[in-house]
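The chain contents come next:
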Amino acid sequence: MSLPANFQFSQSNLHDYIDCARRFELRSLLQMQWPAPRSEPILEQEHHILMGERFHHLLHQYFIGIPKELLAPSREEEQLNAWWENFNRSGLLDSIPKRVLPEKTLAASWEGQRLIAKIDLLAFIPGEHFVILDWKTSINRPPSRFLTDHIQSRFYPFVLVLAGRSLNNRKAVLPEQIEMIYWFANFPDQIERIRYSQEKYTRDEEFFSNLMHEISRLPAGQFLATADERKCRYCNFRSFCERGETAGNWREMEAESLGVDDLESFQSIQFDQIAEITF
Ligand code: SF4
């Protein structure tokens, strides 16, 4: 099956494919909307996602230059206030380059495909250091191994190497110049820093090339439903695929998934629900 003319690979749709090819097909190729909750309780989950989006928006406003005193959330917005205070106290900004681009979209053409990465904040010194920052509002702090292996930690630096010339005086950004930082609003001191390297880039080049070729050559009807039904508990296509009617509890799932033997399930839920805010 050839992909639609305007199709773009993102960390989100690649992650869908790795999790479940059927989900990738339904969501990204057929663009199917299926109105079912991903997890329960719905109101609590929706509120948490909404707060996550508000927090991303708040930081965007801050990084485009709106003074802090004009941004403080109202007292009623307890959760948002706590995250905002955590951010202001964290000292994170002292450890990154001063030149910043909030909500930066990087796009690259590579091997006949279009790749797109939507970055919360890019902080950089041309020719020296490029830091990709990602804000996370998950209620648990994922283990470092989960973060290092997550496709986002591989895809974003990879796309920056491909697309970063315009930010680097027309010179290629070197993998060694790139660092990825996850900052957790609920765990402000537990920053995860992941360095990129030529070795990782070479590995990712082969990985993404194989993955995209596999997807682009897969015939319609061959995007198979995952055999691991645990991934269906937090998927909104659950009833469409006849994989159960009731959504799993997102708090329980997030907590239980932090066990080292169940990292994949964690990947399917909280981390990605607000991993790539549309901007
Ligand atoms: S419900 Fe399960 S099989 Fe269906 S798209 Fe979602 S993860 Fe795949």
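Residues numbered from 1 in each chain as written. Predicted model: local features only at pLDDT ≥ 70, side-chain atom pairs only at ≥ 80, totals over all residues. Heavy atoms only, no water.

Draft legend 1. Summary view of the pattern of salt bridges. Applying the stated criterion to the full structure yields 15 salt bridges. The shortest N-O distance in the salt bridge between Asp228 and Arg230 comes to 3.0 Å. Taking the relative accessible area as the measure of exposure, Arg230 reaches 35% and is therefore partly exposed. Each of Asp16, Asp19, Arg23, Arg27, Asp228, Arg230 and Lys231 takes part in salt bridges that share partners, so that together they form one network. (Salt bridge = Lys/Arg side-chain N within 4 Å of Asp/Glu carboxyl O. Buried < 20%, exposed > 50% of the residue type's maximum accessible area, 1.4 Å probe, protein only.)

Draft legend 2. Inspection of the confidence of the model for the protein chain at higher detail. Averaged over the protein chain, the pLDDT score is 87; the fraction of residues at 70 or greater is 85%. In the predicted structure, residues 256–270 sits below a pLDDT of 50 and forms 41 contacts with residues beyond four places in sequence or in another chain. Every residue in residues 273–279 scores below 50 in pLDDT, and together they form 28 contacts with partners more than four places removed in sequence or on other chains. The ipTM value of the predicted complex is 0.99, and its pTM value is 0.88. (pLDDT = per-residue confidence, 0-100. Contact = heavy atoms within 4.5 Å.)

Draft legend 3. How the structure looks around the environment of Ala172. For Ala172, the position within the fold is in the loop between α7 (151–163) and β5 (178–184). With ten residues separating them in the primary sequence, Ala172 and Leu162 have C-alpha atoms 7.7 Å apart. Aside from chain neighbours lying at most four places away, what touches Ala172 is Arg165 and Gln177. (Helix = DSSP H or I, 4+ residues; strand = E, 2+ residues; numbered from the N terminus.)

Draft legend 4. Quick peek at α7. Compared with the 18 Å implied by 1.5 Å per residue over 13 residues, the 18 Å span of α7 between its first and last C-alpha is a close match. Here α7 lies mainly inside the structure; twelve of its 13 residues are buried. Residues of α7 that are buried include every one of Ile151, Gln152, Ser153, Arg154, Phe155, Tyr156, Pro157, Phe158, Val159, Leu160, Val161 and Ala163, and no others. (Expected span 1.5 Å × (residues − 1).)

Draft legend 5. A look at the nonpolar core. Counting 43 residues, the largest nonpolar core has Leu14, Phe155, Leu160 and Ile215 as the members making the most contacts within it. With residues up to four places along the chain from it excluded, the contact list for Leu14 reads Phe9, Ile151, Phe155, Phe208, Leu211, Met212 and Ile215. Among the nonpolar cores identified, the runner-up in size contains 21 residues, and Leu58, Phe63, Ala123 and Trp135 belong to it. (Core = buried A, V, L, I, M, F, W, Y, C linked by side-chain atoms within 4.5 Å.)

Draft legend 6. Just the site of the ligand, in detail. Within the structure, the ligand sits among Cys20, Arg23, Ala225, Thr226, Lys231, Cys232, Cys235, Phe237, Arg238, Cys241 and Arg243. Taken together, the residues of the shell around the ligand break down into six nonpolar, one polar and four charged. (Near = heavy atom within 4 Å. Nonpolar A, V, L, I, M, F, W, Y, C, P; charged D, E, K, R; others polar.)

Draft legend 7. Here's a closer look at empty space enclosed by the protein. Within the structure shown, the criterion is met by two cavities of 30 Å³ or more. Approximately 100 Å³ is the volume found for the largest cavity. Lining the largest cavity are Cys20, Arg22, Arg23, Ala225, Thr226, Lys231, Cys232, Cys235, Phe237, Arg238, Cys241 and Arg243. For the lining of the largest cavity, the class distribution of residues is six nonpolar, one polar and five charged. In this model, the second largest cavity occupies a volume close to 30 Å³. Those elements that place two or more of their residues in the lining of the second largest cavity are α3 (42–63) and β2 (100–110). At three residues, α3 tops the list of elements feeding residues into the lining of the second largest cavity. (1 Å grid on protein atoms, 1.4 Å probe; cavity = no way out; pocket = protein on both sides within 12 Å on 5 of 7 lines; lining within 4 Å. Points joined across faces, edges and corners; volume = space filled by probe spheres on them.)

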